[in-house]
Amino acid sequence: MNDEKLLSDDQVKNILKSTKNISDLNQLFTQLKKQIIESMYDEELKDHLGFEKNQKASSRRNNHRNGSYKKTVESEHGAIELDISRDRNSEFEPVVVPKGSKDIFEIEQKILNLYGLGMSTRDITRHIEEIYGVQMSATGISNITNRILEEVRLWQKRPLNDTYAVMFLDGMVFKVRENNSVSRKTVYALIGINMEGIKKVVGIYVSENESSKYWFTVLSDIKERGVQKILIFCTDNLNGLDKAISAAYPQSDHQKCIVHQIRSSIKHVSYKDMKAVCADLKVIYTAKDEETGRAELENFIMHWDNKYEYISKSWLKNWAELSTFWQYPPEIRHLIYTTNPIESFNRTVRKFTKTKGIFPHEESLLKSIFLGVQNIEKKWTCKTRNWGVIYSQLLIIKEDCLES
């Protein structure tokens, strides 16, 4: 479709004289869609039969128009009742709204799905034209995706479960254009495992670079939305996050990610010592209990402090949160000693957003993450591995917390 106006300005003014509010305008759009779709049906049927409406059929043809029937479809502006032309032999297969279809959202839904999978608006424009033969501008695609912003706001405010067994926290940084410059925004993500063992995205928040102060704001928000108990938090080593968790959920246990701790520990280790240092660190976190693990840490200190004192200082500083998993049986230890579930979520989100090096604005970032979440959660249908055993163990170990 070119940029030529479909209606003159005078025609638009005359139409608007009969509209007093948004409801009237929506009714006008509905009526206009009805006329357009019915006309498209007639054009398709004309091509199928080979002659115009009201034109006499050739004697060689045994098929012709046979009145019409009513069909109601859903659109963005509500239900539309269509008068559908039909042929005598019921051979006509319409394309505009196929038989059995109950709505006309297909192209719009396809656009949202493609956007959620990380395609740019211009790539979607080309894709829609190739598949459907419909020409749409990048601006038009953006306008369609903007319609979900209200859905995003409602999703961010939705009520949450009262209790979660495990809550994983992490932040992802993205580049966003803001005030004619590029700034870095953090997407704060919370992945929860509820008491049925199902993994869910509890919340997505966008703010400045990751800070423990903002994490407290996030935790306060989910508390207001109904989350009263979280048995175990699993996080990275962000300074001050333990205080934010203690302030918002004082009865919760907090396990810092062992993998993050190891990565931080070996970051500045020389190549020739790397294998030995990693082996000695592994002895610590694979110990049978906390007492043995602490003893192995003391051995590590005696062996390596002359070269890598910063490693032992970090482990001692974070020991209270690094050693939490030893309070639990092996099935729960395996679930909480790393933040793998949210790391996996982050990788998938990155895959969806990798084509957008810099987001044009914060709303664009939020739309992409939200649509990505919808795609990701479709695959989260199974319970956490060994959930029956884990649930029974939590009921015993966290009895006081669950009953309070």
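Predicted, not measured: the structure shown is a model, and the values here were computed from it.

Visitor: An account of the overall build of the protein chain is needed here, citing residue identities and associated values.
Guide: What the protein chain contains, in helices and strands, is 17 helices and seven strands. Within the protein chain, buried positions represent 42% of all 404 residues. Long-range pairs, those at least 24 residues apart, make up 65% of the contacts in the protein chain with a sequence separation of at least 6.

Visitor: Can you lay out unusual backbone geometry for me, pointing to particular residues and giving the numbers?
Guide: Of note in this structure, Asn180 is not a glycine but carries a positive phi near 65°. In this structure, Asn180 sits in the loop between β3 (163-178) and β4 (181-194). Positive phi is not limited to glycine here, since Asn386 has a value of about 60°. Residue Asn386 is classed as partly exposed on the basis of its relative accessible area, which comes to 44%.

Visitor: Please provide a residue-by-residue account of helix α8 (residues 241-248), values included.
Guide: In an α-helix, one full turn covers 3.6 residues, which means residues spaced three or four apart are oriented alike. Among all positions of α8, only Leu241, Ala244, Ile245 and Ala248 are buried. Relative to the axis of α8, the buried residues are bounded by an arc of 95° and lie together on one face. Residues Lys243 and Ala247 are exposed on α8 and point more than 90 degrees away from its buried face. Close packing links the buried residues of α8 with β3, α7 (212-224), β6 (229-235) and β7 (253-256).

Visitor: Lay out the confidence of the model for the protein chain with the relevant residues and their values.
Guide: Chain-level pLDDT for the protein chain is 82 on average; 70% of the residues reach the 70-or-more range. Model confidence for the protein chain, summarised as mean pLDDT per element, is weakest for helix α3 (residues 106-116) at 60 and strongest for β6 at 97. Across residues 1-6, confidence stays below pLDDT 50; counting only partners more than four residues off in sequence or on other chains, it has one contact.

Visitor: Can you lay out the pattern of salt bridges for me, pointing to particular residues and giving the numbers?
Guide: Summed over the entire model, instances satisfying the criterion amount to eight salt bridges. One salt-bridge network, in which partners are shared between bridges, spans Glu178, Lys185, Glu208 and Glu362.

Visitor: I'd like to hear about the packing of aromatic side chains, residue by residue, with values.
Guide: Taken as a whole and assessed by the stated rule, the structure comprises twelve aromatic pairs. For the ring pair Phe300 and Trp304, a centre distance of 6.5 Å and an interplane angle of 40° mean the geometry is tilted. Residue Phe300 and its partner Trp304 are located together in helix α11 (residues 290-317), separated by four residues, close to a single helical turn. An identical accessibility class is assigned to Phe300 and Trp304; each is buried. For the ring pair Phe345 and Trp380, a centre distance of 6.3 Å and an interplane angle of 50° mean the geometry is tilted. On the criterion of sequence distance, the pair formed by Phe345 in helix α14 (residues 340-353) and Trp380 in the loop between α15 (362-377) and α16 (387-397) is long-range, its members being 35 residues apart. Trp380 gets classed as buried once you look at its relative accessible area, which sits at 15%. Aromatic rings pair up to connect Phe300, Trp304, Tyr308 and Tyr310 into one cluster. If you follow Lys223 out to its NZ or CZ, it ends over the ring of Tyr249, 5.0 Å from the centre. The positively charged end of Arg350 is found above the aromatic ring belonging to Phe174, 4.4 Å away from the centroid.

Visitor: Outline the packing of α14 against α15, listing residues and values.
Guide: One can describe the packing of α14 onto α15 by two numbers: an axis separation of 10 Å at closest approach and a directional angle of 120°. Here α14 lies oblique to α15, going by the angle between them. You can see that α14 and α15 cross each other, and the crossing is right-handed. Facing α14, whose interface residues are Phe345, Thr348, Val349, Phe352 and Thr353, α15 presents Ser368, Ile369, Gly372, Val373, Asn375 and Ile376. The class makeup of the residues in the contact of α14 with α15 is six nonpolar, five polar and no charged.

Visitor: Which residues make up the sheet that holds β7, and what values do they have?
Guide: Strand order in the open sheet formed by five strands is β5-β4-β3-β6-β7, and the pairing between neighbours is mixed. Two strands lie at the open edges of the sheet, namely β5 (199-207) and β7, each paired on one side alone. Mean inter-strand twist for the sheet, computed between neighbouring axes without regard to direction, equals 25°. Two elements, β6 and β7, share four bridges in a ladder whose sense is parallel. Considered in β7, the bridge of Ile232 is made with Asp253.

Visitor: Explain the environment of Glu210 residue by residue, including any values.
Guide: In this structure, Glu210 sits in the loop between β5 and α7. Sequence separation between Glu210 and Asp170 is 40 residues; the distance between their C-alpha atoms is 8.9 Å. Setting aside anything within four residues of it in sequence, one finds Glu210 in contact with Asp170, Gly171, Thr186, Tyr188, Trp215, Asp236 and Leu238. Only 2.9 Å separates the side chain of Glu210 from the side chain of Trp215, close enough to count as a polar contact.

So, how was this worked out
- Residues numbered from 1 in each chain as written.
- Predicted model: local features only at pLDDT ≥ 70, side-chain atom pairs only at ≥ 80, totals over all residues.
- Heavy atoms only, no water.
- Helix = DSSP H or I, 4+ residues; strand = E, 2+ residues; numbered from the N terminus.
- Buried < 20%, exposed > 50% of the residue type's maximum accessible area, 1.4 Å probe, protein only.
- Contact = heavy atoms within 4.5 Å.
- Arc of directions from axis to C-beta.
- pLDDT = per-residue confidence, 0-100.
- Salt bridge = Lys/Arg side-chain N within 4 Å of Asp/Glu carboxyl O.
- Phe/Tyr/Trp six-rings, centres within 6.5 Å; stacked < 30°, edge-to-face > 60°.
- Lys NZ or Arg CZ within 6 Å of the ring centre and 35° of its normal.
- Axes fitted to C-alpha atoms, helices over the stretch in contact; angles between N-to-C directions.
- Parallel < 35°, antiparallel > 145°, perpendicular 65-115°, else oblique.
- Left-handed = near helix turned anticlockwise from the far one by under 90°.
- Nonpolar A, V, L, I, M, F, W, Y, C, P; charged D, E, K, R; others polar.
- Pairing = 2+ DSSP bridges.
- Polar contact = N/O pair within 3.5 Å; in protein donor to acceptor, adjacent residues only side chain to side chain.

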